[in-house]
Amino acid sequence: MEIIHVSAECYPVAKAGGLGDVVGALPKYQNHAGHIAKVVMTMYKTKFLLNHEWAVVHKGYTNLGHWWFTYTIIKEATNVLGFDLYLVDINGLLDREKIYGYEDDAERFTAFQICVVDWISAWEHHPDVIHVHDYHAGLIPFMLKHCFRYQHLKNIPTVLTIHNAQYQGWMGWEKSNLLPAYDEWKRGMLDWKNNINPLASGIKCAWKVTTVSHSYMDELRVAANGLEALFEYEKGKCSGILNGIDNAVWDPSTDTYIENHFSVDDADAGKLKSKKLLCETFDLDITKPLIVFIGRLVGEKGADLLPQAIADSYFHIGRTMNFLILGSGFPEVESALEGMKVLAQKDYNAYIGYNESLSHLMYAGADFILMPSRVEPCGLNQMYAMRYGTVPMVRNTGGLRDTVIDYGDEGGYGIRFNYVSVGDITQAVWRAVELYKDEEKLKEIRKTMMQLDFSWEASVKQYVALYESL
Ligand code: ADP
């Protein structure tokens, strides 16, 4: 089966979060399973782009409203990724450094999608399925169904995977002329609450819709940043498929980002070496449990509660644990976390920014990882952490609920709490401190977690079954 993934992110080329990890791994494992999976992505000026060889495979000429432009499709020439990767380059629009955050993002991602469909329409054959990811590619199912110039592609099945429904790519109707001419009677297929809503359009027009965990799919019918009724209405074609993790990248016995490798049998000693390195680098007391947070410092991740929860933990439990934070996001949260450094007593530190290699060292060296998420479609951090023997402390939501069982329950191995509140987080910290004192129990939990199977194989089978049903 030939599957074309369309995405704004793909690890290791360009990644801002879980979307990048998934699109960098799923196609690889689909290829392992005997399919032909390819990725088409927007071009950015990233290190990967500059350090790799590229071949031009197509040059096209198309329009974004009244603006006619030339675009180029380039292909990674050495196939290092385990799948064919194609980048869409539009001079001045897509050859920029950041992935998101420009004023003309609506134009950038609409032009990207037009180029992808335009290019595919020039092929002599049709792929078996076009699999689009998040709102950045959410207009493609509409274009294939309702834009006049792509009518010959309308029988290609489309699947939309929603990695995060908070971001929907809203744009005003004045931008409707950016799209290639379409059947005006189908305006409703673009609209949600009087705006063009690319994510809503994808949900309406894709043949099937998936999210990255079962629980998140259920939650979207009651909390989806305004799209709840749409998820309820379209529930017949929606399903949840849990993400896997790329065991080749995230393997403590071979991870190229860490020096001290370990596996299940020598996890305690191996982790301790990485913890020592972290404690020396960040001036922390190695005898205390190390609780880390890795992620975007935004409300979705509950990051705004971290400063108060850390202060309350010190106050109520005592300064018996270390906290180490890695992340970037809301400036207020960044400065609050940065500001707490002056009060540290060898038990707190924060790295504000994005740092892939530090994140790997933290998964390896930490004892616990805290994820007090308000929303967590799947969450990869907890799965990476468990593979590295680090106990997840998670709020009972979305993919966290689907992957972590509380150690107080039968067969459990993590710490779960119900509310995104300072009180619940503090209580989870207390449980972590208590668990850390019980060395035997912690060892047993580590062993169980490290042997859990979150590999992509199971998810690949579910995606393929879904494609086949189309
Ligand atoms: P989301 O996509 O919502 O941000 P996920 O849990 O699905 O959350 O994926 C987060 C990914 O991004 C993980 O691979 C995590 O390690 C990585 N990550 C997030 N913030 C940072 C950071 N500041 N530095 C390094 N890696 C980070």
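Basis of the calculations
- Residues numbered from 1 in each chain as written.
- Predicted model: local features only at pLDDT ≥ 70, side-chain atom pairs only at ≥ 80, totals over all residues.
- Heavy atoms only, no water.
- Phe/Tyr/Trp six-rings, centres within 6.5 Å; stacked < 30°, edge-to-face > 60°.
- Helix = DSSP H or I, 4+ residues; strand = E, 2+ residues; numbered from the N terminus.
- Buried < 20%, exposed > 50% of the residue type's maximum accessible area, 1.4 Å probe, protein only.
- Lys NZ or Arg CZ within 6 Å of the ring centre and 35° of its normal.
- Near = heavy atom within 4 Å.
- Polar contact = N/O pair within 3.5 Å; in protein donor to acceptor, adjacent residues only side chain to side chain.
- Areas by Shrake-Rupley, 256 points an atom, 1.4 Å probe, with all protein chains shown as cover.
- Domains from an automatic or database assignment.

A. Geometry of the packing of aromatic side chains. In the structure shown here, the tally under the stated rule is 16 aromatic pairs. Here the aromatic rings of Y363 and Y384 are separated by 5.7 Å at their centres, their planes lie at 75 degrees, and the arrangement is edge-to-face. Highlighted residues: Y363 in helix α11 (residues 356-365) and Y384 in helix α12 (residues 381-387), separated in sequence by 21 residues. Like Y363, the residue Y384 is buried in the burial classification. When the centroid spacing of 6.4 Å and the interplanar angle of 45 degrees are considered together, the rings of Y363 and Y388 count as tilted. Of this pair, Y363 sits in helix α11 while Y388 sits in the loop between α12 and β16 (391-395), and the two are 25 residues apart along the sequence. When sorted by exposure, Y363 lands in the same class as Y388, which is buried. In textbook terms, an aromatic cluster arises when at least three aromatic residues are bridged by ring pairs, as seen for W250, F262, Y363, Y384 and Y388. One cation-aromatic arrangement involves K98 over Y102; the distance from NZ or CZ to the ring centre is 5.0 Å.

B. View of the site of the ligand. Taken together, 20 residues surround the ligand, and among them G18, D21, R296, K301 and Y363 come closest. Measuring from an oxygen atom of the ligand, one finds a side-chain N or O atom of K15 at 2.9 Å. Measuring from an oxygen atom of the ligand, one finds a side-chain N or O atom of R296 at 2.8 Å. In isolation the ligand exposes 570 Å². Once the protein is present, 93% of that is buried. For the shell around the ligand, the secondary-structure elements that each account for two or more residues are α1 (18-32), β12 (290-297), β13 (322-329), α11 and α12. Of the residues that make up the shell around the ligand, three or more belong to each of domain 1 (2-244 + 457-469) and domain 2 (264-450).

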